[in-house]
Number of protein chains: 2
Amino acid sequence: MVRDGLASWNDGAAKRSILDFVQRVTTEGGKDFVPVPERIAVFDNDGTLWCEQPFPFQGLFVLDRIRALAPQHPEWKDQQPFKGVIENDMKSLAAGGMPALVELVMATHAGMTSEEFDGIVKDWLATSRHPKFNQPYTDLVYQPMVELLAFLRANDFETFIVSGGGIEFMRTFSEKTYGVPPHQVVGSSIVTKYEVLDGKPVLMRDAKLDFYDDHDGKPVAINKFIGRRPIAAFGNSDGDFQMLEWVTGGSGPRFALLVHHEDAVREFAYNRSAVGNLEQALQEAPKRGWIVVSMKNDWNQIFAYEDKEALQREPELSASVRS
Amino acid sequence: MVRDGLASWNDGAAKRSILDFVQRVTTEGGKDFVPVPERIAVFDNDGTLWCEQPFPFQGLFVLDRIRALAPQHPEWKDQQPFKGVIENDMKSLAAGGMPALVELVMATHAGMTSEEFDGIVKDWLATSRHPKFNQPYTDLVYQPMVELLAFLRANDFETFIVSGGGIEFMRTFSEKTYGVPPHQVVGSSIVTKYEVLDGKPVLMRDAKLDFYDDHDGKPVAINKFIGRRPIAAFGNSDGDFQMLEWVTGGSGPRFALLVHHEDAVREFAYNRSAVGNLEQALQEAPKRGWIVVSMKNDWNQIFAYEDKEALQREPELSASVRS
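Residues numbered from 1 in each chain as written. Chains lettered and ligands numbered in written order. Predicted model: local features only at pLDDT ≥ 70, side-chain atom pairs only at ≥ 80, totals over all residues. Heavy atoms only, no water.

1. Some remarks on the packing of aromatic side chains
Scanning all chains against the criterion turns up 47 aromatic pairs over all chains. Here B:W76 and B:F82 contribute two aromatic rings whose centre-to-centre distance is 4.4 Å and whose plane-to-plane angle is 5°, an arrangement assigned as stacked. With respect to burial, B:W76 and B:F82 carry one shared label: buried. With 5.8 Å between their ring centres and 20° between their planes, B:F303 and B:Y305 make a pair best called stacked. Members of the aromatic cluster, each reached through a chain of ring pairs, are A:W50, A:F57, A:F61, A:F117, A:W124, A:Y137, A:F169, A:F173 and A:Y178. Across from the ring centre of A:F211, 5.2 Å away, lies the NZ or CZ of A:K224, which sits over that ring. Here the guanidinium or amino end of B:R205 rests over the ring plane of B:F117, the centre of that ring lying 3.9 Å away. (Phe/Tyr/Trp six-rings, centres within 6.5 Å; stacked < 30°, edge-to-face > 60°. Buried < 20%, exposed > 50% of the residue type's maximum accessible area, 1.4 Å probe, protein only. Lys NZ or Arg CZ within 6 Å of the ring centre and 35° of its normal.)

See the structure below:
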């Protein structure tokens with residue numbers, strides 16, 4: 001039975017396409033019926049389930065961590081890319097490109113146990129606020145997508161996150177924020193090693209890339225972690241292109257959707273993020289039958305934290321929040 | 001509520017320890033209560049959920065496949081390790097050691113798509129019979145362990161397989177045979193690549209090891225695939241040692257169990273298999289509070305295929321099956 005809990009979705013082609021797909025795959029005896037174990041849906045995270053501007057939030061975590069750790073590393077003040085971060089010199093930082101980013105990631109993500117990393121990320125999420133919206137990052141998840149996750153699960157889908165973000169970073173909040181348990185979160189990873197220290201077994205995080213879960217990596221990771229081709233995929237960028245292609249390349253009913261960021265007032269408007277283009281996926285969407293969601297027109301609420309009634313009562317506050 | 005569907009388990013210390021553990025972790029308000037999302041149990045496969053003698057079944061698949069493919073590879077008849085397999089010369093084969101085994105695995109597991117491999121394995125499982133028991137391999141699963149998987153799930157556990165066996169090999173039968181869906185099967189893997197061939201996206205299996213899921217690899221894989229420390233672990237060999245150590249090294253109620261193969265009449269008796277020792281784990285078990293199951297004394301039925309009444313009615317047939 002299809003139950004519609006998609007209150008933040010305006011009535012329109014995007015919402016109707018979701019309802020229609022779920023109706024078809026759950027109708028027993030119908031030609032598009034899909035047995036429960038095959039109802040797998042995969043979601044990108046950055047830009048699809050939560051905001052990714054002005055910079056993917058895990059990148060903001062890296063910058064904050066470098067600054068927090070700087071007193072223990074006096075050598076960093078003369079050493080790029082650390083110097084650029086400490087001095088908030090984004091130009092030098094950008095000049096370092098991907099190698100600089102990797103160096104910063106390893107300095108903040110490795111050299112500790114998995115449990116320690118979990119605690120560090122949870123602390124950061126509990127205490128940090130977004131530079132524009134002044135909200136905890138985990139409140140900057142898209143309310144319509146949270147509703148969509150729950151709607152699919154209510155119709156016996158298993159929902160997975162398949163993101164370029166760090167797998168252990170996302171797992172610190174995915175269950176509470178999205179209702180997605182750790183074992184249904186797939187992401188990029190660094191090498192982890194099993195060690196017994198003073199009789200206590202630990203998993204040590206090592207400063208080496210294990211897997212980069214973006215572009216071609218997404219279908220590979222879906223195969224490795226899920227082991228079955230999903231029937232629905234949700235993304236927003238070119239990094240999701242192959243995932244949507246893989247999912248919709250299967251036989252039987254398939255669904256793919258891209259979130260399009262063109263609401264500069266309530267969120268951000270962009271066709272290129274810090275981590276990649278969005279254009280190939282958006283251009284290919286109509287040819288391939290992928291649905292494009294207009295955040296401006298299809299969603300009556302963007303963020304989970306927003307209280308629409310309060311915003312209506314206090315337009316000045318609303319405007320300042322949305323500056 | 002604890003429901004006991006463990007009909008193939010004799011009443012004894014092993015069965016009682018399982019019932020006691022499940023009772024404790026599911027009793028709300030009790031000091032050992034474990035919330036549902038943390039009820040994760042991990043199971044080795046070879047020698048724990050199904051038979052692994054005279055050779056792990058995936059190894060028998062490799063040998064059968066080499067012989068099936070030999071007509072397409074005339075060069076193999078003069079080339080080790082293929083020559084040894086074709087001529088059933090197990091001595092030459094053993095002399096080749098691990099490099100020979102890896103060569104045979106790659107020749108039978110790579111160079112095809114994931115879908116093609118899935119079909120090949122399913123065909124083999126449907127048509128092959130065990131050399132001693134003359135049964136399909138998927139009927140040589142341990143009935144008490146199948147009951148245990150179902151019992152744990154009935155008490156809101158998520159059950160995962162964490163095996164040195166090939167992840168895609170196991171996924172061909174895990175759902176039907178064990179009730180464990182593909183995304184809850186963790187195993188060894190080879191590298192897979194995403195390609196688009198004539199407009200059709202495929203996952204090509206490449207002749208390179210990706211991950212070996214045994215010994216130290218098991219806690220690492222648990223962390224990667226499950227992202228949470230299980231509270232119960234089931235194994236049979238030294239390859240499971242670190243998994244049991246990792247699981248029982250956590251705080252709160254923990255459970256670990258080893259299946260001990262000492263029933264030469266109904267199954268096999270061994271302390272060393274083709275792929276490794278069992279002795280370290282068995283020796284450490286009492287010190288660490290791990291339960292050791294005697295297949296002879298604790299299980300009144302071994303295999304899922306056995307019909308106990310029929311065996312009682314026809315002792316001659318029974319003896320011949322168990323030669």
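From this point, the discussion proceeds with the structure in view.
2. Quick word on a nonpolar patch on the surface
A cluster of nonpolar side chains, A:M98, A:L101 and A:V102, forms an exposed patch at the surface whose accessible area comes to about 250 Å². For A:V102, the location among the structural elements is in helix 4 (residues 90-109). (Patch = residues over 30% accessible without salt bridge, like charges linked within 9 Å, V, L, I, M, F, W, Y side chains within 5 Å. Areas by Shrake-Rupley, 256 points an atom, 1.4 Å probe, with all protein chains shown as cover. Salt bridge = Lys/Arg side-chain N within 4 Å of Asp/Glu carboxyl O. Helix = DSSP H or I, 4+ residues; strand = E, 2+ residues; numbered from the N terminus.)

3. Examining helix 2 (residues 57-69) of chain A
All names here are of chain A. When the terminal C-alpha atoms of helix 2 are compared, their 18 Å separation across 13 residues agrees well with the 18 Å that a helix rising 1.5 Å per residue should span. All buried positions along helix 2 are accounted for by F57, Q58, G59, L60, F61, V62, L63, I66 and L69. Buried-residue contacts for helix 2 involve helix 3 (82-86), helix 4, helix 5 (114-127), strand 2 (158-166) and helix 7 (167-171). (Expected span 1.5 Å × (residues − 1). Contact = heavy atoms within 4.5 Å.)

4. Structural notes on the interface of chain B and chain A
Accessible area lost when the parts come together is the quantity often used to give the size of an interface. Counting residues at the interface gives 34 residues for chain B and 34 residues for chain A. In total, about 2900 Å² of surface goes out of reach between chain B and chain A, with carbon and sulfur atoms giving 55% of it. It is B:H183, B:Y194 and B:K224 in chain B that bury the most area against chain A; as a group they hold 24% of the surface buried on that side. For the salt bridge of B:E175 with A:R228, the shortest nitrogen-to-oxygen distance reads 2.6 Å. At the junction of chain B and chain A, the tally comes to 18 residue pairs in polar contact (both at pLDDT 80 or more). (Buried area = accessible area lost by both parts, 1.4 Å probe. Polar contact = N/O pair within 3.5 Å; in protein donor to acceptor, adjacent residues only side chain to side chain.)

5. Brief notes about the sheet that holds strand 4 (residues 200-211) of chain B
Residue and element names in this part refer to chain B. Overall, mixed pairing links the 7 strands, which are arranged 4-3-2-1-5-6-9 in an open sheet. On the outer flanks of this sheet lie strand 4 and strand 9 (291-294), each paired with one strand and no other. For this sheet, the mean inter-axis angle between neighbouring strands, taken without regard to orientation, is 30°. One ladder, built from 4 bridges, connects strand 6 (residues 255-260) with strand 9; its direction is parallel. (Pairing = 2+ DSSP bridges. Axes fitted to C-alpha atoms, helices over the stretch in contact; angles between N-to-C directions.)

6. Remarks on the packing of helix 2 (residues 57-69) of chain B against helix 4 (residues 90-109) of chain B
Residues and elements named next belong to chain B. Between helix 2 and helix 4, the least distance of the axes is 10 Å, while the angle of their chain directions is 80°. Taken together, the axis directions place helix 2 and helix 4 in an arrangement best described as roughly perpendicular. Residue-level contacts link Q58, F61, V62, L63, R65, I66, R67 and L69 of helix 2 to M90, L93, L104, V105, A107, T108 and H109 of helix 4. Within the contact of helix 2 with helix 4, the residues separate by chemical class into 10 nonpolar, 3 polar and 2 charged. (Parallel < 35°, antiparallel > 145°, perpendicular 65-115°, else oblique. Nonpolar A, V, L, I, M, F, W, Y, C, P; charged D, E, K, R; others polar.)

7. Points about helix 11 (residues 279-288) of chain B
All names here are of chain B. Within the sequence span of helix 11, burial applies to A281, L282, E284 and A285. Considering only its buried residues, helix 11 is in contact with helix 10 (241-248), strand 6 and strand 9. Directly beyond the C-terminal end of helix 11, a positive phi value near 75° is found at G289.

8. Some words on the pattern of salt bridges
All names here are of chain A. For the structure on display, the rule yields 38 salt bridges over all chains. Across the salt bridge formed by R16 and D11, the nearest N and O atoms sit 3.4 Å from each other. Residue R16 is classed as partly exposed on the basis of its relative accessible area, which comes to 47%. R288 is paired through a salt bridge with E245; the nearest N and O atoms lie 3.4 Å apart. Here R288 is found in helix 11 (residues 279-288), whereas its partner E245 is found in helix 10 (residues 241-248), with 43 residues between them in sequence. Residue E245 is classed as buried on the basis of its relative accessible area, which comes to 11%. Salt bridges linked by common partners bring D20, R24, K31 and D32 together as one network.

9. Structural notes on the pairing of strand 6 of chain B
All names here are of chain B. Burial of strand 6 is extensive: 5 of the 6 residues sit out of reach of the surface. Where strand 5 (residues 232-235) meets strand 6, 4 bridges bridge the pair, whose relative direction is parallel. Note on strand 6: the bridge partner recorded for A232 is F255.

Functional significance is not addressed by these values, which are geometric in nature.
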